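# Secondary and tertiary structure notes
Now for the letters of each chain:
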Amino acid sequence: MLTQEQNDALTRTGPGTPGGELLRRYWQPIALSDELPVGGDPIPIDILGEELVLFRDDQNRVGLLDRHCCHRGTDLSYGRVENGGLRCLYHGWLYDVNGCCLEQPLEPKELNFKDKVRQPSYPVVERAGAFFAYMGPLPAPEFPDFDFFTFPAGNLHSHKVFLDCNYMQANEGNYDPAHVGQLHRAFDPNRKPGLNFGSLKTLGVSTEGAVIEPYETPKLKVENTKFGLRIFQIRSGGPGRTYLRVTAYGMPNWSVIAGPQGGDGHIGIWHVPIDDYSHWRWHFSVRRDAPLDHTSRMAQNRSTDEYVDRFHHARTAKNRYRQDRSKFAENFTGMGRNFNVHDAFATESQGAIQDRTKEHLATSDLAVAAARRMMLRGIEDIKAGKDPVGVVRDKAANDFHDLRSFDALIAENADLGEVVRQVVEPPAQAAE
């Protein structure tokens, strides 16, 4: 368990808070690209307890500003896009994408007061069908070269969904491997073996005679990496074989899990605070061996029966997640087949902010405990004037080719580090 002080440090993310300072050291997704098309209207953005506005100017440059005009506080998301910036409707002050005040039509020009004020702004980049912002001290670090930000659009799928709880308890579910065998259990005899929704890698063994029980309680191991933690889930795979699932926790608020894109790929999941009591769960899925298509589990989960709109589940706490207890013979929760809904129930029902002073961590919480320790160290690193884990300043060090989640059938006593190397290294490198 955590102390109340530690829990507050990690979960409170507004300006000036320890957790807020940690999250602000990293690039965070803030909007999908199609929410702000060329010529589109400015959109309000709520993130980390701040009220911002995202806009494209009339030259298609993108800016992220404090939403409230530095003159008298009027909401700039209602403003006019013109003359190289965003104009406040109240007194006509015009700001460019960097927050520079270009015009103050009601002020004497000879005073040049516009040169003495500046609207707070943050750097923005567009990657993988989304806009990302950096809200920490300048200069901004390198944008991380994760593979799901680099593949062609046809191989990528990006979306977000609203969750009505603190970001941290939802993210912790992603590196809590044991819960999958309970919360997401389905009783479908035709379900293929394994927890993977893509391809099962085989390294040095055959699948013939393999016996994979995906709901077996895994043995867990973790190792520190430059991005956070690599998590090994070890289950029996039949005589002389091990079923290995490798996932990742990334500092400070994301994770990587194999599936549900199918084929060779994985999904990066960010949990980005709106405020301390709600957040967006972001998905960035990549399939390396083929374009994504409508047959993927992602498309199936976006059905109109499960979502009231693009970004909100139909099943919520207000309707008790539409639990149908007569369906317990079909799946464990009686809440349908959408894993995201199961996760939302499990984490939202903990309360707006989980009280970690009352919990009793067990062996299955190995990765959760390790991630918390890493986050607390990151907060201390910032206090000491150092960058926390995962912040990259040197372009040459912006290499995350070993960030990979996958499922594999391996020899029973195989070296796990060697298994990872065989999966992540290109054949030419592996031969050297």
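The structure displayed is predicted, hence computed values, not measured ones.

For the bond running from Leu 138 to Pro 139, omega is 0°, close enough to zero to count as cis. Looking along the chain, the bond that leaves Met 251 and enters Pro 252 is cis, with omega of -10°. Tracing the chain through its elements places Pro 252 in the loop between β16 (241–250) and β17 (254–257). For Asn 60, which is not glycine, the phi torsion reads 70° and is therefore positive. Looking at the secondary structure, you find Asn 60 in the loop between β3 (50–56) and β4 (62–66). Note on Asn 60: relative accessible area 37%, which makes it partly exposed.

Before going further, it helps to examine the pairing of β3. Counting buried positions over the seven residues of β3 gives six, a clear majority of the element. The sheet contact formed by strand β2 (residues 43–47) and β3 spans five bridges and is antiparallel. Across the sheet, residue Ile 43 finds its bridge partner in β3, namely Leu 54. Here β2 folds back onto β3, and the loop between the two strands holds two residues, one of which, Leu 48, carries a positive phi near 50°.

Inspection of the entire model under this criterion finds 32 salt bridges. Between Asp 115 and Lys 114 there is a salt bridge; the shortest N-O distance is 3.0 Å. By relative accessible area, Asp 115 is classed as exposed at 53%. The partner of Lys 358 in a salt bridge is Asp 355, with the nearest N and O atoms 3.9 Å apart. With relative accessibility at 30%, the residue Asp 355 sits in the partly exposed group. One salt-bridge network, held together by shared partners, links Asp 46, Glu 51, Arg 67 and Asp 75.

Basis of the calculations
Residues numbered from 1 in each chain as written. Predicted model: local features only at pLDDT ≥ 70, side-chain atom pairs only at ≥ 80, totals over all residues. Heavy atoms only, no water. Helix = DSSP H or I, 4+ residues; strand = E, 2+ residues; numbered from the N terminus. Buried < 20%, exposed > 50% of the residue type's maximum accessible area, 1.4 Å probe, protein only. Pairing = 2+ DSSP bridges. Salt bridge = Lys/Arg side-chain N within 4 Å of Asp/Glu carboxyl O.

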